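Residue strings, one per chain:
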Amino acid sequence: MTVTAKPGEVVASDLITVFVDGTEVSVPKGTLAIRAAELIGVAIPRFCDHPLLDPVGACRQCLVEVPDMGNGRGMPKPQASCTLECAPGMKIQTQNTSAVAAKAQKGMIEFLLINHPLDCPICDKGGECPLQNQAMSNGGGESRYEGVKRTFPKPVSISAQILLDRERCILCARCTRFSEQISGDPFITLVERGALQQVGYYEDEPYNSYFSGNVIQICPVGALTSVSYRFQSRPFDLVSTPTTCEHCAGGCQLRTDHRHFQVKRRLAGDAPEVNEEWNCDKGRFAFRSARGDDRLTRPLVRDNGVLRVASWPEAIDAAVAGLKRAGTQVGVLTGGRLTIEDAYGYSKFARAVLGTNNIDFRSRPHSAEEAAFLANRVAGRSLDNDTLSYTALQGAKQVILVAFEPEEEAAMVFLRLRKAVRKNGLKVLTIAPYASNGSAKLNAEVIPTVPGTEPEALAGLSADADTIVLVGERAAVIPGALSAAADFVDRTGARLAWMPRRAGDRGAVEAGCLPNLLPGARPAGAVLARVDVQAAWGVDGLPTLPGLDADAQLAAAREGLGLVVAGLEPSDFTNAAEVRDALESAPFVISLEQRLSEVTERADVVFPIALIEERPGHFLNWEHRRGRVNTVIRQPNQPMTDLRVLAALAEALGRPLGIRTARQALTELDELGVWDGARQPLARTRGVAAPADGELALATWRELIDGSRGNDHEPALQATAKPVVARTSPEVAAAHGLTGAVTIAGNGGWLTLPLEVVPGMAADTVWVPTHAPDTPLSELGLVHGDSVTVSSPAAALDRGEGFDRGEGGVA
């Protein structure tokens, strides 16, 4: 028989023929022998080999016999098939046909087991351990070693969440190659030689990588374990379910393992087109945020100013009474946690039941320019008709980052860009105030840019059809940035992708959770679009008045607008204090939430909502690829989803929603289809004025591990957060007399942080993290591009401003 590797991907002239165990195989030039064997279903045992890592031949377990190298001559000794490139006519004999290969593999297993401890009954890897499995299939039945095994003190913490048992390590170098080649965080390496060789780390610099959990998953033994999962369960006691990550818009496929109705761990799924076999630590470890004592399990109703537990019928009646009093004077704030099915339910509930276009998913700094941009350039795109994907990123010649930090805001996009840089020579340009850690690992060319001048910086670059522009959600607060990005790609022929930060944002756009947009990219102001949706929904009419965005809804709440609120936090908005004031001033607030929050504290009716593992649905990632969310945990009394609560409210209001399940919602949305009429035009705004004398422009972005409530109840993950510091250039530091710390003041508030001086940083700029633990910028009402002043903490205290490092306040 003849097996051809991936037909259609290579031309015939690029193929060579080899023989594996007597079977003729056609493979591309450069194919490793171990891959050729896989094509015909021959599994050669291995430990160091991984298809996404460079070959190293460290473990020598994959030895094969090569009686003919293709030139009539054989190799005198067994060869490591993971480093052996196939040659035309080469004959390869594996352990299935060669006694020499079988003996060599058996000997290697015996060598590895000499010092390996008999920890299998207590090892986290026991039951899914490649060493355990291959010792049974390819090793000897008994050990001939009677000496004393090597031991080390254990475990060793190489980071707050990664533990190392050195005596279990078989020196395959998978972890060190991952940290060097994939994530770009080479803080661990192999040290010493011979029997003393072991994984080493910097004692004063822990392995604080955003991707450190992957080294646990790819470790072929139990040498690397996580603090949160260690000794929690046995693999054969777990029930595994594939799902999609709920944190960012990357769409990573995960495997969720649960036991006794509790999620015990999450692993990266195998999705070659999306996250390959990797995921970030937030997606892997941050799944406990709503599993604490503050989990909502029963409805709450405000009675005489105090929230009390209520029955579902009582809570429904109370909510309906409030909605009837409000009439159409209601706003809907959905946040970014929703699946596309739940988002569609909120969109339909707002228009068909409440009769309003007051709906917005953007629980963050936003603008009217962004709403128009999303309607014009983002809504209605699909993976089928678009050339923007992870694969496209990897194949591009140039990528321009505008108001976007991929390592912090879309971790899998960062890994794919880094892979393209290493493998294909991708050129990355980033319009940013300074070279961040992620930019350095991408070898990115930094265009030092004062916040607010990004449109001018972009206009000065060159691009072509092989260029992709990635614009982040932070561009919403940069006047003219989004329209400038659209104009740039129209002029140069480049491709443009919007990179939201949260998992539910892309689906919310398609579902119509915007005041100017109906489901399927239909403009809310277009008569034919409204008629189209009205006919599909079977309602008498849809609202014609323009809707309010999230900020406008909150402002109107102080004047009598009622609110229906899904999962959002005041600290995510521009000004947290104003959001709290709006919630307190609103005449009626309904909250659909998973745990107690600042919103539920101020709500009149609170409905408990199912966790992500307790519901089905889909997330749309930045590519517009659907990622399925499967129900992981099924209980006798399954918690209510947002969609079911909305359906119950609509039924009680006498205007049935018509959908109750995720399947019904997705079917209806698909049947509605995408609008093929004219799109809403872009909204063009002017840039911001330069900072006044003595002022600086504020630069900021969210970090992956920050003060978000999504990281709660996972202290090991929170301990890996980057130190909270402010950054500025040497020139600014010298001009303002800044040394070890700086006080940033603006909008009537101030913040004092340790200072890091960054050579080459943009002039007249200071950077601080957007949502640092205990010091989010929203408490000061500041966003990217705002003007601030800086001074030494001593000078600030003389003026009555400033606190100790890491603290802030409002005058």
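Residues numbered from 1 in each chain as written. Predicted model: local features only at pLDDT ≥ 70, side-chain atom pairs only at ≥ 80, totals over all residues. Heavy atoms only, no water.

Undergrad: Can you help me understand the overall build of the protein chain in this one?
TA: The helix and strand tally for the protein chain stands at 25 helices and 39 strands. On C-alpha atoms alone, the protein chain measures out to a radius of gyration of 29 Å, which is about the 28 Å that the 2.2 N^0.38 rule sets for 811 residues. For the C-alpha atoms alone, the extent of the protein chain along its principal axes is close to 85 × 65 × 55 Å. Across the 811 residues that make up the protein chain, the buried fraction comes to 59%. Restricting to contacts in the protein chain with at least 6 residues of sequence separation, those with at least 24 account for 71%. About 31,700 Å² of surface is accessible on the protein chain, with carbon and sulfur atoms providing 51% of the total. Each charge sign in the protein chain was given a centre, from 82 positive and 97 negative side chains, and these centres are 6 Å apart. (Helix = DSSP H or I, 4+ residues; strand = E, 2+ residues; numbered from the N terminus. Rg over C-alpha atoms; globule rule 2.2 N^0.38 Å. Buried < 20%, exposed > 50% of the residue type's maximum accessible area, 1.4 Å probe, protein only. Contact = heavy atoms within 4.5 Å. Areas by Shrake-Rupley, 256 points an atom, 1.4 Å probe, with all protein chains shown as cover. Lys, Arg positive; Asp, Glu negative; His and termini not counted. Charge placed at Lys NZ, Arg CZ, Asp CG, Glu CD.)

Undergrad: Please clarify how the nonpolar core should be interpreted in this entry.
TA: A general tendency of soluble globular proteins is for nonpolar side chains to be buried together. Residues Val413 and Leu470 are the most contacted members of the largest nonpolar core, which totals 93 residues. By residue number, the principal contributor to this core is helix H12 (residues 411-424), which donates eight residues. Setting aside residues no more than four positions away along its own chain, Leu470 makes contact with Leu393, Val399, Ile400, Leu401, Val402, Phe404, Val413, Leu417, Ala497 and Met499. Core analysis: the next-biggest nonpolar cluster, separate from the first, contains 85 residues, Val330, Val332, Leu354 and Ala650 among them. (Core = buried A, V, L, I, M, F, W, Y, C linked by side-chain atoms within 4.5 Å.)

Undergrad: Would you mind going over the side chain of Asp342 with me for this structure?
TA: As for its placement among the helices and strands, Asp342 is situated in helix H8 (residues 340-354). From its side chain, Asp342 meets the backbone nitrogen of Leu643 in a polar contact 3.3 Å long. Filtering out sequence-adjacent residues up to four positions away, Asp342 remains in contact with Arg615, Thr641, Asp642 and Leu643. (Polar contact = N/O pair within 3.5 Å; in protein donor to acceptor, adjacent residues only side chain to side chain.)

Undergrad: Just to check I follow, could you spell out the sheet that holds strand E18 (residues 359-360) for this structure?
TA: What holds strands together in a sheet is hydrogen bonding between their backbones, with the strands either parallel or antiparallel. As summarised here, the arrangement of the seven strands in space is E16-E15-E28-E27-E26-E17-E18, forming an open sheet in which the pairing is mixed. Both edges of this open sheet fall to strand E16 (306-309) and E18, since each of them pairs with a single strand only. For strand E17 (residues 330-335) and strand E26 (residues 562-567), the ladder comprises five bridges, and the chain directions are parallel. By the bridge assignment for E26, Gly335 is matched with Gly567. Lying on the sheet, helix H21 (residues 642-652) is in contact with E26, strand E27 (589-593) and strand E28 (605-608); it crosses E27 at an angle near 150°. (Pairing = 2+ DSSP bridges. Axes fitted to C-alpha atoms, helices over the stretch in contact; angles between N-to-C directions.)

Undergrad: Hey, could you run me through the pairing of E16 in this one?
TA: As a general feature of sheets, a regular strand has side chains that alternate between the two faces. Examined bridge by bridge, strand E15 (residues 300-303) and E16 share four bridges and lie antiparallel to one another. In the sheet register, Arg302 faces E16, and the bridge partner there is Leu307.

Undergrad: Could you clarify how one ought to interpret the pattern of salt bridges in this entry?
TA: Pairs can form between side chains of opposite charge whenever their charged atoms are close. On inspection of all chains with the given rule, the structure shows 58 salt bridges. Arg364 is the salt-bridge partner of Glu370, the closest N and O atoms lying 2.8 Å from each other. Note on Arg364: relative accessible area 4%, which makes it buried. A salt bridge links Arg474 to Glu409; the nearest nitrogen and oxygen atoms lie 3.5 Å apart. (Salt bridge = Lys/Arg side-chain N within 4 Å of Asp/Glu carboxyl O.)

Undergrad: How should I be thinking about the packing of aromatic side chains in this particular structure?
TA: For any two aromatic rings, the description comes down to two numbers: the centre-to-centre distance and the angle of the planes. Considering all chains together, one arrives at eight aromatic pairs under this definition. Considering the side-chain rings of Trp312 and Phe607, the 5.6 Å spacing of their centres and the 20° angle between planes classify their relative orientation as stacked. One end of the pair, Trp312, is in helix H7 (residues 312-326); the other, Phe607, is in strand E28, and 295 residues separate them in sequence. Using a relative accessible area of 27% as the deciding quantity, one classes Trp312 as partly exposed. (Phe/Tyr/Trp six-rings, centres within 6.5 Å; stacked < 30°, edge-to-face > 60°.)

Undergrad: What is the right way to read the pairing of E28 from this model?
TA: Both faces of E28 are covered, namely the face carrying Val605 and Phe607 and the face carrying Val606 and Pro608. In this structure, E15 lies alongside E28, joined through two bridges in antiparallel fashion. Bridge pairing links Leu300 to Val606 in E28. As paired strands, E27 and E28 are joined by four bridges and run parallel to one another.

Undergrad: Got a minute to help me understand unusual backbone geometry in this structure?
TA: What is expected of a backbone is that most residues other than glycine have negative phi and most peptide bonds are trans. Residue Pro155 is reached from Lys154 by a cis peptide bond, and omega for that bond is -10°. When you line up the elements, Pro155 lands in the loop between helix H3 (130-138) and strand E7 (156-157). If you check the backbone angles, Phe261 has positive phi at about 65° while not being a glycine. Inspection of the secondary structure puts Phe261 in the loop between strand E13 (253-259) and strand E14 (262-268). Of note in this structure, Asn443 is not a glycine but carries a positive phi near 50°.

Undergrad: Sorry, what's going on with the confidence of the model for the protein chain here?
TA: Detailed reading of the predicted coordinates is not advisable wherever pLDDT is low. Put simply, the protein chain has an average pLDDT of 92, and 95% of its residues get 70 or more. Under a pLDDT of 50 for its full length, residues 1-8 has, in the predicted model, 16 contacts with residues more than four places off or in other chains. (pLDDT = per-residue confidence, 0-100.)

Undergrad: I tried to follow the environment of Ala80 on my own but got confused; where do I start?
TA: Note that Ala80 resides in strand E5 (residues 79-80). The class of Ala80 is buried, set by a relative accessible area of 3%. A sequence separation of 15 residues divides Ala80 from Glu65, and the C-alpha atoms of the two residues are 9.0 Å apart. With residues near it in sequence (within four places) discarded, Ala80 still touches Arg60, Cys62 and Leu63.

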